[in-house]
Amino acid sequence: MPRALGSLFLLVASNLLAQQQTVVPVIAWGAPGASGNRWFTEIYLSNPTSQTQEVLVVGVQVLRVRESPHPCLPPNVPIPVPPLQTKVLVASDLSRWLGCPEEFVGGVLLQHQAG
């Protein structure tokens, strides 16, 4: 089955201690597309600072979901983004944050240091 992959770039950078939330308005996991394609999202988290930054998925907004017969609990641990590097949250990892659905279209809310 053909697959299409969409990418989203998110800059996560700061040396401030305050927490901030960022909405990623639309992501897809297994969403049907034209000609039998399936759409999947990966998120790029970039850290241009000299300190490790941590990003946490704190919420999801469901627009459309088809539950899996084998759901999973989302991890409740921050995603470390090393200094001066980019970390990719690939589609298969993102699926775990969504509860392992068969299909998902919606948004996610990320928490990170202000910047």
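How each quantity is defined
Residues numbered from 1 in each chain as written. Predicted model: local features only at pLDDT ≥ 70, side-chain atom pairs only at ≥ 80, totals over all residues. Heavy atoms only, no water. Helix = DSSP H or I, 4+ residues; strand = E, 2+ residues; numbered from the N terminus. Buried < 20%, exposed > 50% of the residue type's maximum accessible area, 1.4 Å probe, protein only. Contact = heavy atoms within 4.5 Å. Areas by Shrake-Rupley, 256 points an atom, 1.4 Å probe, with all protein chains shown as cover. Salt bridge = Lys/Arg side-chain N within 4 Å of Asp/Glu carboxyl O. Disulfide = S-S within 2.5 Å. Core = buried A, V, L, I, M, F, W, Y, C linked by side-chain atoms within 4.5 Å. Polar contact = N/O pair within 3.5 Å; in protein donor to acceptor, adjacent residues only side chain to side chain. pLDDT = per-residue confidence, 0-100. Patch = residues over 30% accessible without salt bridge, like charges linked within 9 Å, V, L, I, M, F, W, Y side chains within 5 Å. Phe/Tyr/Trp six-rings, centres within 6.5 Å; stacked < 30°, edge-to-face > 60°.

K.L.:
Got a minute to help me understand the overall build of the protein in this structure?
P.N.:
A tally of regular secondary structure across the protein gives one helix and seven strands. Starting at the N terminus and ending at the C terminus, the protein contains elements arranged as β-β-β-β-β-β-α-β. Here the protein, with 115 residues, has 41% of them falling under the buried criterion. Partitioning the contacts of the protein with sequence separation of at least 6, the portion at a separation of at least 24 is 84%. Of the roughly 6,600 Å² of accessible surface on the protein, 58% is carried by carbon and sulfur atoms.

K.L.:
Is there a simple way to think about the pattern of salt bridges in this case?
P.N.:
When their charged atoms lie close together, side chains carrying opposite charge are able to pair. Under the defined criterion, the tally for this structure stands at four salt bridges. Taken together, the shared-partner salt bridges connect Arg38, Arg64, Arg66, Glu102 and Glu103 into one network.

K.L.:
Looking at this model, I keep getting lost on the state of the cysteines. Mind explaining?
P.N.:
Here a disulfide denotes one covalent bond, and it connects the sulfur atoms of two cysteines. Counted by the stated rule, this structure contains one disulfide. One disulfide bridge connects Cys72 with Cys100, the sulfur atoms lying 1.9 Å from each other. Taking the torsion about the S-S bond as the criterion, the Cys72 to Cys100 disulfide, at about 85°, is right-handed. Here the residue Cys72 occupies a position in the loop between β4 (53-66) and β5 (79-81), and Cys100 occupies one in the loop between α1 (91-97) and β7 (103-113), the gap between them amounting to 28 residues.

K.L.:
Help me understand the nonpolar core, please; the structure alone is not making it clear to me.
P.N.:
Where a protein is soluble and globular, its nonpolar side chains tend to be buried together. Among the nonpolar cores identified, the biggest contains 18 residues, and Ile27, Ile43, Leu45, Val108 and Leu110 are the most heavily contacted of them. Going through the elements one at a time, β2 (19-32), β3 (38-47), β4, β5, α1 and β7 are the ones with two or more residues in this core.

K.L.:
Looking at this structure, I do not really get the side chain of Ser68. What am I missing?
P.N.:
Along the chain, Ser68 turns up in the loop between β4 and β5. A polar contact is formed between the side chain of Ser68 and the backbone nitrogen of His70, at a distance of 2.9 Å. Setting aside residues no more than four positions away along its own chain, Ser68 makes contact with Cys100, Pro101 and Glu102.

K.L.:
In this structure, what is going on with the confidence of the model for the protein? I would like to understand it.
P.N.:
Regions with low pLDDT should not have their predicted coordinates read in detail. Per-residue confidence for the protein gives a mean pLDDT of 83; residues scoring 70 or more make up 84%. Predicted confidence is poor over residues 1-16, with pLDDT under 50, and the contacts of this stretch with residues over four places away or in other chains come to 51 contacts.

K.L.:
Just to check I follow, could you spell out unusual backbone geometry for this structure?
P.N.:
Leave glycine aside and you will find that most residues have negative phi; peptide bonds, for their part, are mostly trans. The backbone of Ser35 sits at a positive phi, close to 55°, despite the residue not being glycine. With respect to the helices, strands and loops of the structure, Ser35 is situated in the loop between β2 and β3. The exposure class assigned to Ser35 is exposed, which follows from its relative accessible area of 72%. A positive phi is found at Cys100, a non-glycine position, where the angle reads about 60°.

K.L.:
Even after reading the chapter, I still don't get a nonpolar patch on the surface, so can you show me in this structure?
P.N.:
Taken together, the side chains of Val60, Val62 and Val65 present a nonpolar region at the surface, about 200 Å² in accessible area. With respect to the helices and strands, the residue Val65 is situated in strand β4.

K.L.:
Could you clarify how one ought to interpret the packing of aromatic side chains in this entry?
P.N.:
Each aromatic ring pair is characterised by the separation of its centres together with the angle its planes make. Counted under the stated rule, the structure contains one aromatic pair. A ring pair is formed by Trp29 and Phe40, whose centres lie 4.7 Å apart and whose planes are at 80°; its orientation type is edge-to-face. Of this pair, Trp29 sits in strand β2 while Phe40 is found in strand β3, placing the two residues eleven residues apart along the sequence. Residue classification places Trp29 among the buried positions, given a relative accessible area of 18%. For Phe40, a relative accessible area of 11% puts it in the buried group.

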